[in-house]
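Here are the chains, one letter per residue:
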Amino acid sequence: MNNIFLTGTLTRAELRHTPQDQTPICEFDLEFQFERRDAVVRETVTVTAWNDLGTDVYNRFPVGSRVLIEGLTQIEQVPVAENRTISRLSIRALRVQSASPEQNLNSVLLVGYVGGDPDRKDQESGNVVANVSLAINRPKSEEPDWYSLELWNKRAEVAMNYVRKGSLIGVTGTLKIDRWTDKATQLPRTKPMIRVDRLELLGSKRETGLEETEAETETPEVAAPNRKRKTAKASAA
């Protein structure tokens, strides 16, 4: 499972066609926002829309339009220097519609297998952060996409206690982009990150050691997009 619902402002758009069969593809940049340390941060993600949807997006939404995207995410490793790459997230749009200035949706839903045991960090403020890598198979590709997850406090404790390498989990969270300067090359680096709002353990109770009542207590519900969708557990079946 791999879905994203994202509102933002269209800042660039171009329409091209595949050389083989002239399939239309609209590629556009979407400026979206998220919160970081009580500040609102704006970042840009590249979105592609294929076939009739691509033509429709290009003709209907000029630069400056505010839109809601429903789509699939994918992670690419982009070379930036010798023997160095950065992770870049892009979106394959499944649906694009107009959005009002009041609409602000940033929700990512993922189901996949954990690549390693969670990494715990205790902050001076008392907060606990757990970082987890999540592998999701991409259709028609032998290599999975690797997502970086960030869990805080109670969710971090649940991850540290019950999530292990190879665990099957489902998460709902917010897309954000981390930025820093590489100490070795002094080049700017970016990394897409999912801040988890809900964690669901999809293995059996015997595999996770977690009773159902504990799971309900430690992983509270979060608001879902205003569309009926299958739960992560049902989608993984």
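Only a predicted model underlies this, so the values are computations on that prediction, with no experimental measurement involved.

### Thoughts on the overall build of the protein
When its secondary structure is counted, the protein shows five helices and 11 strands. Residues classed as buried in the protein amount to 42% of the 237 residues present. Accessible surface, the protein as shown: approximately 13,800 Å² in total, 45% of it carbon and sulfur.

### A few points about unusual backbone geometry
For Q22, which is not a glycine, the phi torsion comes out positive at approximately 60°. Relative to the assigned elements, Q22 resides in the loop between β1 (2-17) and β2 (24-36). One non-glycine residue, N153, lies in the positive phi region at around 50°. Residue position: N153 is located in helix α2 (residues 153-162).

### Details of the pattern of salt bridges
Counted under the stated rule, the structure contains 12 salt bridges. Ionic pairing is found between R12 and E27, a salt bridge with its closest N-O pair at 3.0 Å. With R12 in strand β1 and E27 in strand β2, the pair connects residues that are 15 residues apart, well separated along the chain. The shortest N-O distance in the salt bridge between D178 and K176 comes to 3.9 Å. Three or more residues joined by partner-sharing salt bridges are found here, namely R12, E14, R16, E27 and D29.

### So, the pairing of strand β9 (residues 145-152)
With seven of eight residues buried, β9 lies mostly within the body of the structure. Sheet topology places strand β8 (residues 128-136) next to β9; eight bridges connect them, and they run antiparallel. Within β9, the residue paired with N131 across the bridge is E150. Two strands pair when backbone bridges link them, and β9 and strand β11 (residues 188-201) are joined in this way by two bridges, in the parallel orientation. When the sheet's bridge partners are listed, L149 is paired in β11 with I194.

### Comments concerning α2
The set of residues buried in α2 consists of A156, V158, A159 and Y162. Viewed end-on, α2 has its buried residues packed into an arc of 160°, placing them on one side of the element.

### Remarks on the pairing of β1
On a regular strand, one side chain projects to one face of the sheet and the next to the other, so that they alternate. Of the pairings in the sheet, the one linking β1 to strand β6 (residues 106-114) comprises five bridges and is antiparallel in character. Bridge assignment links L6 to a residue of β6, and that residue is N106. One ladder, built from eight bridges, connects β1 with β2; its direction is antiparallel. Across the sheet, residue T9 finds its bridge partner in β2, namely E31. Counting the residues in the hairpin turn of β1 and β2 gives six residues, including Q22, whose phi is positive at 60°.

### Remarks on the environment of D29
Mapped onto the elements of the fold, D29 is located in strand β2. Along the chain, D29 and S90 lie 61 residues apart, while their C-alpha atoms are 9.7 Å from each other. Setting aside its immediate chain neighbours within four residues, D29 contacts T9, L10, T11, R12, T44, V45 and T46. Of the polar contacts made by the side chain of D29, one reaches the side chain of T46; its length is 3.2 Å.

### A word on the environment of I136
Tracing the backbone shows I136 in strand β8. Excluding residues that lie within four positions of it along the chain, I136 makes contacts with M1, N2, L110, V111, G112, P144, D145 and Y147.

Cut-off values and rules
- Residue numbering note: each chain is counted from 1, following its sequence as written.
- For a predicted model such as this one, the threshold for reporting local features is a pLDDT of at least 70, and the threshold for listing and counting side-chain atom pairs is 80 or more; totals across whole chains, interfaces and linings nevertheless cover every residue.
- Water and hydrogen atoms play no part in the side-chain values, which are based on all heavy atoms of the structure.
- Secondary structure is summarised from DSSP: a helix means a run of H or I of at least four residues, a strand means a run of E of at least two, and numbering begins at the N terminus for each.
- With a 1.4 Å probe rolled over the protein chains alone, any residue whose accessible area is under 20% of its type maximum counts as buried; one over 50% counts as exposed, and the rest are partly exposed.
- For every accessible area listed, the method is Shrake-Rupley and the probe measures 1.4 Å; residues are considered covered only by the protein chains on display.
- For this document, the term salt bridge refers to a Lys or Arg side-chain nitrogen within 4 Å of an Asp or Glu carboxyl oxygen.
- Strands are labelled as partners when DSSP assigns at least two bridges between them.
- Of all possible arcs, the one meant is that of the directions from the helix axis to the C-beta atoms.
- In this analysis, two residues are considered to be in contact whenever any of their non-hydrogen atoms come within 4.5 Å of each other.
- The definition of a polar contact used here is a pair of N or O atoms within 3.5 Å, where within protein one atom must be able to donate a hydrogen and the other to accept one, and adjacent residues in sequence count solely through side-chain atom pairs.

In short, geometric facts, not functional conclusions.
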